[in-house]
Amino acid sequence: MSNRLEGQQIYRRIPHAGAMCLLDAVEAWDAQGIACWARSHTRQNHPLREAGRLSSLHAIEYAAQAAALHASLVGERTADRPFGHAYIATLHAIDTCPRPLDDDDLLTLPLDIRARLAMGTPFAARYTFSVTCGPICVAQGAMTVATPE
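Residues numbered from 1 in each chain as written. Predicted model: local features only at pLDDT ≥ 70, side-chain atom pairs only at ≥ 80, totals over all residues. Heavy atoms only, no water.

### Re the environment of Leu106
In plain terms, the rule: We count a stretch as a helix when DSSP gives it H or I for four or more residues in a row; a strand needs E for two or more, and each element gets its number in order from the N terminus. Each residue gets one of three labels from its accessible area relative to the maximum for its type: buried under 20%, exposed over 50%, partly exposed in between, using a 1.4 Å probe on protein chains only. Throughout, a contact is declared for two residues whenever any of their heavy atoms are within 4.5 Å.
Among the structural elements, Leu106 can be located in the loop between β4 (87-96) and β5 (111-120). The exposure class of Leu106 is buried, given its relative accessible area of 1%. Residues Leu106 and Ser40, 66 residues apart in the sequence, show an inter-C-alpha distance of 12 Å. Aside from chain neighbours lying at most four places away, what touches Leu106 is His41, Pro100, Leu101, Cys133, Ile136 and Val138.

As structure tokens, this is what we get:
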């Protein structure tokens with residue numbers, strides 16, 4: 001894996017903007033997967049925060065952004081049709097931590113977000129993913145990302 005990315009290098013490749021830009025950096029990526037990190041779970045103005053809390057289920061959005069970014073990077077690199085606007089079509093075998101994402105113990109470390117391509121076509125891709133914070137697995141599972149185009 002190689003190719004560190006930050007800030008606008010990330011967000012010019014996926015449709016997220018403003019506070020919904022959750023990823024801080026891509027540590028590495030290759031044709032098989034991507035490794036990112038984020039500290040946005042520490043923000044009080046986090047756009048997914050409900051009743052003052054940030055559920056571990058929200059970690060799935062971090063993984064979805066990593067998968068979308070990976071699909072964009074791989075499509076660009078191989079000159080295949082890159083994903084346009086995509087959506088999560090299905091989630092599979094999701095396991096989340098019972099602690100909220102903004103639990104005090106989780107606020108001291110960045111989130112480590114990993115997505116691994118399991119299968120891809122020009123119109124859909126299946127990714128396995130994990131979101132961890134230090135030794136704590138916040139969420140893991142698989143998702144199918146599809147594009148209607």
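### With respect to the sheet that holds strand β1 (residues 5-6)
So the rule is basically this: Strands pair, by our definition, only if DSSP identifies at least two bridges between them.
Taken together, the seven strands give an open sheet; going across it, the order is β1-β2-β3-β5-β6-β7-β4, and neighbouring strands pair in antiparallel fashion. Looking at the sheet topology across the chains shown, the edges are occupied by β1 and β4.

### Notes on the environment of Ala66
Along the polypeptide, Ala66 turns up in helix α2 (residues 59-78). In this structure the C-alpha to C-alpha distance between Ala66 and Ala51, which are 15 residues apart in sequence, comes to 26 Å. For Ala66, the residues in contact, after removing those within four places along its chain, are Leu23, Ile34, Cys36, Ile113 and Ala115.

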